[in-house]
Amino acid sequence: MRRALKNLLFSVLTAVLLLGGAELTLRLLGWPDPGIYAGDINSVWWLRANLDRELPFPEEGTTFTVQTNALGFRGDPTPHAIACVGDSTTFGWGVAVDEAWPARLAQHLGQPTLNAGVPGYSSHQGLHTVARLLAAEPDTVVLAFLVRDAQLGARADHLSRPAPSRPRLLDALTVLVRRDAPSTPPSAVRVPADRFRENLVAMTEQLTDAGIEVRLLGFPMLDPPEAHIEVLRELDATVVSLDRANFFEHDPIHLNAKGHDNLARLVAETWDP
């Protein structure tokens, strides 16, 4: 019996050492590729710092480059007078950073502007990452939310819970033995209109308390939800409409380079001297 226990203990220790060594090796090698995001993709995430990646844009059959600064925002670390916050429509999915509307707004206004858009963000994630934005020390913040707030998901964003952390070994097994998991049909508005209002008000208050001017922008959509648009109007936001020619041919959510420039021009026209 004693010999059997020793053998069992030896086997367990060997397995632990092997698994621990494999986990450490995978982390050192950075495999599987963690992608461009940090945080929890189920609840609150952000862009990884110091990225330099070429990303595919399969809808249009092209690629585009993503570079982030030390704060995890798209663009260089130069001090910025204006920070534009939003989702991939502000980030500029499918276009170069200097083609996205924050960079074009900088050209129209003659003021340095930070692109603080993060793909997939609704106002829920925006509210939970105000502290990161404050670290950029902008004088003015443009909150450009609407598209992902109105999007349907499996559940409302505020009901989502972080995914449990798991070893890199499990991620590797998932890549090696990939199976299509059953998906839940989207049926819930990610951020209902009443919570959309609460999020925008809370972000505005936090930023204003820090001495930062806040401007609200309802990002252009081809078929915007009236309930969310009404919230934006009540909060005296700038609501912009653009026709189909301003969006990608096979992606009616994201603006093309022309659309970004047109949006920046329209926003600049509303800017007080």
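Heads up: the structure comes first, above all this text.
Residues numbered from 1 in each chain as written. Predicted model: local features only at pLDDT ≥ 70, side-chain atom pairs only at ≥ 80, totals over all residues. Heavy atoms only, no water.

Moving on to the nonpolar core. Core analysis: the biggest nonpolar cluster contains 40 residues, and Leu133, Val141, Leu143, Phe145 and Phe196 have the highest contact counts within it. The leading source of residues in this core is helix 7 (residues 193–209), at five residues. By size, the runner-up hydrophobic cluster in this structure holds 19 residues, among which are Ile82, Ala144, Phe219 and Ala264. (Core = buried A, V, L, I, M, F, W, Y, C linked by side-chain atoms within 4.5 Å. Buried < 20%, exposed > 50% of the residue type's maximum accessible area, 1.4 Å probe, protein only. Helix = DSSP H or I, 4+ residues; strand = E, 2+ residues; numbered from the N terminus.)

Okay, the pairing of strand 4 (residues 62–67) next. By the bridge criterion, six bridges tie strand 3 (residues 52–57) to strand 4 in an arrangement that is antiparallel. When the bridges of strand 4 are listed, Phe57 appears paired with Thr62. Between strand 3 and strand 4, which pair antiparallel in sequence order, lie four residues; one of them, Gly61, sits at a positive phi of approximately 70 degrees. (Pairing = 2+ DSSP bridges.)

For the rest of this paragraph, the subject is helix 9 (residues 257–269). For helix 9, which comprises 13 residues, the first-to-last C-alpha distance of 19 Å matches the rise-based estimate of 18 Å (1.5 Å per residue) to within 8%. Among all positions in helix 9, only Gly259, His260, Asn262, Leu263, Ala264, Val267 and Ala268 are buried. Residues of helix 9 that are buried in the fold lie against helix 2 (88–91), helix 3 (101–109), strand 10 (213–218) and strand 13 (251–255). Measuring from the backbone nitrogen of Lys258 back to the side-chain oxygen at the start of helix 9 gives 3.2 Å, which picks out Asn256 as the cap. (Expected span 1.5 Å × (residues − 1). Contact = heavy atoms within 4.5 Å. Polar contact = N/O pair within 3.5 Å; in protein donor to acceptor, adjacent residues only side chain to side chain.)

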